[in-house]
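Close look at the chain arrangement
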Amino acid sequence: MLDIKIYFERYCRKYDLDIALSWEMPEGYETAFGSFDPTCHTLFLNKSPLQSAPEQEALFYLYHELRHALQYLCPERFDQQIQTSRFYVILYNGVCYKLVVDAWKMCVLSGDTEYFKAAYLSLPYERDANDYAYQTVRKLRGDTAELRELVSAWTPAAPLPPEELERLFCLIDTSIR
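Summary of the structure given here. Being a predicted model, the structure only gives us computed values, none of them experimental.

**Considering the overall build of the protein chain**
A tally of regular secondary structure across the protein chain gives eight helices and six strands. When its helices and strands are written in sequence order, the protein chain yields α-β-β-β-α-α-α-β-β-β-α-α-α-α. Since a compact globule built from 177 residues should have a radius of gyration of about 16 Å, the 16 Å found for the protein chain is in line with a globular shape. Along the three orthogonal principal directions, the C-alpha set of the protein chain runs to about 45 × 35 × 30 Å. Going through the 177 residues of the protein chain one by one, you find that 46% of them count as buried. Across the protein chain, the fraction of contacts at a sequence separation of at least 24, relative to all contacts at a separation of at least 6, is 62%. Of the roughly 9400 Å² that the protein chain leaves accessible, carbon and sulfur atoms contribute 51%. Side-chain charges of the protein chain comprise 18 positive and 26 negative groups, with the mean position of each set lying 4 Å from the other.

**Comments concerning the pairing of strand E6 (residues 103–108)**
In this sheet, E6 lies alongside strand E5 (residues 95–100) in antiparallel orientation, the contact comprising six bridges. Directly across from Lys98, in E6, lies its bridge partner Lys105. Linking two consecutive strands that pair antiparallel, namely E5 and E6, is a turn of two residues; a positive phi of about 60 degrees is found at Val101 within it.

**So, the pattern of salt bridges**
Pairing is possible between side chains that carry opposite charge, provided their charged atoms lie close to one another. If you walk through the whole model with that rule in mind, you get six salt bridges. In this structure, Asp128 and Arg67 form a salt bridge, with 2.7 Å as the shortest nitrogen-oxygen distance. With Asp128 in helix H6 (residues 124–141) and Arg67 in helix H3 (residues 55–73), this pair connects stretches of sequence that are 61 residues apart. Judged by its relative accessible area of 16%, Asp128 falls in the buried class.

**A word on the sheet that holds strand E4 (residues 88–90)**
The sheet built from three strands is open, its strands ordered E4-E5-E6 with antiparallel pairing. Edge strands, defined here as strands with exactly one partner in the open sheet, are E4 and E6. Taken pair by pair, the neighbouring strands of this sheet meet at an average axis angle of 20 degrees, ignoring direction. Two elements, E4 and E5, share three bridges in a ladder whose sense is antiparallel. Looking at E5, one finds that Tyr88 is bridged to Lys98.

The rules behind each value
Residues numbered from 1 in each chain as written. Predicted model: local features only at pLDDT ≥ 70, side-chain atom pairs only at ≥ 80, totals over all residues. Heavy atoms only, no water. Helix = DSSP H or I, 4+ residues; strand = E, 2+ residues; numbered from the N terminus. Rg over C-alpha atoms; globule rule 2.2 N^0.38 Å. Buried < 20%, exposed > 50% of the residue type's maximum accessible area, 1.4 Å probe, protein only. Contact = heavy atoms within 4.5 Å. Areas by Shrake-Rupley, 256 points an atom, 1.4 Å probe, with all protein chains shown as cover. Lys, Arg positive; Asp, Glu negative; His and termini not counted. Charge placed at Lys NZ, Arg CZ, Asp CG, Glu CD. Pairing = 2+ DSSP bridges. Salt bridge = Lys/Arg side-chain N within 4 Å of Asp/Glu carboxyl O. Axes fitted to C-alpha atoms, helices over the stretch in contact; angles between N-to-C directions.

As C-alpha cells, this is what we get:
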C-alpha cells in the first residue's frame, strides 16, 4: 500500500510549502481525485478512488495537486501564462470560478461540454501540472503504457489557443458574481 503522506511531506519539505493534507473533498469536488485550494492552503485527496488506484495513478494525482500548490504559493517560479491562468477554474458543465483576493467567485457560462472540457485541459496551469506529474512519476516508477495513457487522457487533443483562453477569461471576469 502506497503511503501518500510520505511523498506529500517530502515534497512540502523540498519546496518549503506549509500546506495541509485532507482526505475530505470539498463540496462540488466529490468525484475528483484531488484539488488544491489556495484560500485555505489545503490539498484535498479523494481517498476512496486513490486507495484502489494503481500506485502510478495515485502518485500522478498527488504530484499533479502538489504542483498546483507550488503554482499558487510560489507563482514567481512559473511563466506569465501559468501565473494568469491559475486564477481561473473551468468545469466541463460551464461552471467557472475566479480567485479574487482570497475568495472564489462563481459564474455559469452556457456552451458545449466538449468546449469547456477542451478549455479546462488547455489551461496552462493544468497542462503544467499534468506534465510535471507525468515526469515525476516516470522517474519514480518508470515510463509505462498505463502512465502514458493516463497523461494522454488529461492532454487536450486540440488545445485552445492562448487568445481563446484570454477571451474566456474576459467572459468569466464580466460574469462573476
